[in-house]
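The chain contents come next:
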Amino acid sequence: MTRTAPSSGQRAPRNGRTAVIPYSPRPLQAMFHSRRTRFCVLLCHRRFGKTVAAVNDLIREAVRAGRPDWRAAYAAPFLGQAKAIAWDYLRYFAGAIPGARFHEGELRCDLPGGARIRLFGVDNPNALRGLYLDDLVLDEPADMPREVWTQILRPALADRHGRALFIGTPAGTENLLYDLWTHAGRGDDPEWSRFRFRASESGALDATELEAARSAMSAEEYAQEFECSFTAAVRGAYYAALLETAEREGRIGAVPHDPALPVHTAWDLGMDDATAVWFFQVSPGGVWRVVDYYEASGEGLPHYVRVLQEKAAPAGRGQGRGFVYGRHIAPHDIRVRELGTGVSRQECAARLGLRFDMAPSLPLADGIDALRRQLPRTWFDQTHCAQGLRSLRNYRREWRPRQESFSSRPLHDWTSHAADALLYAVLGFRPAEAARGPRTARTQYDLFGGL
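Counting of residues starts from 1 at the beginning of each chain's written sequence and follows it residue by residue. Reporting in this predicted model follows two pLDDT cut-offs: at least 70 for local features of residues, and 80 or more for side-chain atom pairs to be given and counted; totals over whole chains, interfaces and linings ignore these cut-offs and use all residues. With hydrogens and water stripped out, all remaining heavy atoms of the structure feed into the side-chain values.

K.L.:
Any chance you could explain the overall build of the protein here in plain terms?
P.N.:
Note on conventions: DSSP H or I runs of at least 4 residues are helices, E runs of at least 2 residues are strands, and numbering of each starts at the N terminus. Along the protein, the regular secondary structure elements total 15 helices and 17 strands. Only protein chains enter the accessibility calculation, which uses a 1.4 Å probe; a residue whose area is less than 20% of its type maximum is buried, one above 50% is exposed, and one in between is partly exposed. When the 451 residues of the protein are sorted by exposure, 52% land in the buried category. Throughout, a residue-residue contact means that at least one pair of heavy atoms, one from each residue, lies within 4.5 Å. Put simply, of all contacts in the protein between residues at least 6 apart along the chain, 67% involve residues at least 24 apart. Accessible surface area values rest on a Shrake-Rupley calculation with a 1.4 Å probe, where residue burial reflects the displayed protein chains alone. Total accessible area computed for the protein in this model is approximately 20400 Å², and 49% of it derives from carbon and sulfur atoms.

Here it is as structure tokens:
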């Protein structure tokens, strides 16, 4: 047993006696306790013991604080769920502290000295309004509305500089848990940290049990529940597994652009929907560094020319990143003349000083295969490419419900623009030309000044 709450050598506030909490953290749990920051995302496989670790983290902080007005909340998607998963643990571990009292009706624990830990369900968000909090646990935030955190609970921490811990198992990428995981992984805020504990690495479950679970589950289900894969839930995804590998190998992270190399762009130009632009560099060895992504809707070409211009400004000046451009790659249909004007988008761009090279027209399946082959040799800047990476992870085949099978073609939705633009980059980029270095003469506008 370890003296976790109070920690070893500390005394309970009221009676002067040292309380020993019956909690012996496993090595990875102990690492989490010692390294977590103010805001922390704890991604764990099933049966890791995340609830036990979270409850004991709250208890330890409550005793350490020693303030009569200290308040903490443990919140789950539903109040009944919070009671089922955390109440017994709270009673057991906090019950080792002499003088601790428990109020079943309110699901509240009062510790000696006045500190309180209470369970909530976010299914009744109005019950959370007006609270102040010193500490907070959100259990399974993937199942919670985003605004519960952004509009209610985050403000509740502000005046007390409270902490927040987010624990859960992945459930796809379109939810609060993934948002928080991505934010914590940016690496530009020391108040945020994150941990991912997979069953294959934690040692919490024996190999025989894991093999039995694997045989009873689909590969996607096992990857999500036991290997903490966000993308396994995206059925029919084209690139999700490759991006998962890239993240494991550290190829999604901080990728600053190399001033010695030109920055190329690849475009998917929307007519009535979004336009997507990737910014990438290619090393002499053929490794791609994708350093930025931009997407917008309802804008004409002059808008995107200004975006390129802003990113070409010296770093520290507005949105400037010091880009020196090489090639600009667009799909082959940019040459098609529009009915209303008789002018192609290629000609419109040229009038603005932006000269496109066209990606070859190939079957879509060939382009997807080419991009799949390129991704293992590609690095992505996690912060600047966040929107594009989310699209790539969710780009998937269309499901045909009547046939109960996937189509051979991708689903055309919000993910298509980023996926198509990067596909054009792979199809249209020719390394031999890029080796010549920056070709600023390709554009007639001054990227470092005004149009």
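K.L.:
Whenever I open this one, helix α1 (residues 27–35) confuses me. Can you help?
P.N.:
Since the α-helix packs 3.6 residues into each turn, any two residues three or four apart lie on the same face. Burial in α1 covers these residues: Gln29, Phe32 and His33. Projected onto a plane normal to the axis of α1, the buried residues spread over an arc of 95° and lie on a single side. α1 presents Pro27, Ser34 and Arg35 as exposed residues on the side facing more than 90 degrees away from its buried surface. Looking at the buried positions of α1, the neighbouring elements they touch are β1 (39–44), α2 (50–65), β7 (164–168) and β8 (192–197). Working note: the arc is built from the helix axis to C-beta atom directions.

K.L.:
I keep staring at the confidence of the model for the protein and nothing clicks. Help me out?
P.N.:
Predicted coordinates in areas of low pLDDT are best not read in detail. Per residue, pLDDT captures the predictor's confidence, and it can take any value from 0 to 100. Chain-level pLDDT for the protein is 87 on average; 89% of the residues reach the 70-or-more range. Taken element by element, the predicted model of the protein shows its lowest mean pLDDT in helix α15 (residues 431–434) (57) and its highest in strand β6 (residues 135–139) (98). Taken as a whole, residues 1–15 scores under 50 in pLDDT and shows 42 contacts with residues more than four places along the chain or in a different chain. For the stretch residues 439–451, pLDDT sits under 50, and the model shows 38 contacts to residues farther than four places along the chain or on other chains.

K.L.:
Looking at this structure, I do not really get the side chain of aspartate 135. What am I missing?
P.N.:
Within the element layout of this structure, aspartate 135 appears in strand β6. On the basis of relative accessible area, aspartate 135 is assigned to the buried category, the value being 0%. Excluding residues that lie within four positions of it along the chain, aspartate 135 makes contacts with Leu58, Glu61, Trp70, Arg71, Ala72, Ala73, Arg163 and Ala164.

K.L.:
Any chance you could explain the sheet that holds β6 here in plain terms?
P.N.:
The pairing of strands in a sheet comes from backbone hydrogen bonds and takes either a parallel or an antiparallel form. For two strands to count as paired, DSSP must find a minimum of two bridges between them. Pairing within the open sheet is mixed, and its 8 strands lie in the order β3-β4-β5-β2-β6-β7-β1-β8. Of all strands in the sheet, those with a lone pairing partner are β3 (101–103) and β8, marking the two edges. With strand direction ignored, the average angle separating the axes of adjacent strands in the sheet is 15°. Direction of pairing for strand β2 (residues 71–76) relative to β6: parallel, over a ladder of 4 bridges. Each bridged residue has a counterpart across the sheet, and for alanine 73 the counterpart in β6 is leucine 136. Axis lines are fitted through C-alpha atoms, for helices just across the contact stretch, and the angle between N-to-C directions can take any value from 0 to 180 degrees. Taken strand by strand, α1 contacts β1, β7 and β8, and its axis lies near 175° from that of β8.

K.L.:
What exactly am I supposed to notice about the nonpolar core here?
P.N.:
It is characteristic of soluble globular proteins that their nonpolar side chains tend to be buried jointly. Residues grouped as a nonpolar core are buried Ala, Val, Leu, Ile, Met, Phe, Trp, Tyr and Cys residues, joined through side-chain atoms within 4.5 Å. Grouped together as the largest cluster of nonpolar side chains are 39 residues, with contacts concentrated most on Tyr74, Leu90, Leu111 and Ile117. Secondary-structure elements contributing two or more residues to this core are β1, α2, β2, α3 (79–94), β5 (116–121), β7 and β8. A total of 8 residues in this core trace back to one element, the largest contributor, which is α2. Beyond its immediate chain neighbours, meaning those up to four positions away, leucine 111 contacts Ala62, Ala94, Ile97, Ala100 and Ile117. Judged by nonpolar contacts, the second largest core, of 34 residues, contains Tyr239, Phe280, Phe380 and Ala425.

K.L.:
What exactly am I supposed to notice about the environment of alanine 100 here?
P.N.:
Structurally, alanine 100 can be placed in the loop between α3 and β3. Overall, alanine 100 belongs to the buried group, its relative accessible area being 19%. Other than its neighbours up to four places away in sequence, alanine 100 contacts Ala94, Asp110, Leu111 and Pro112.

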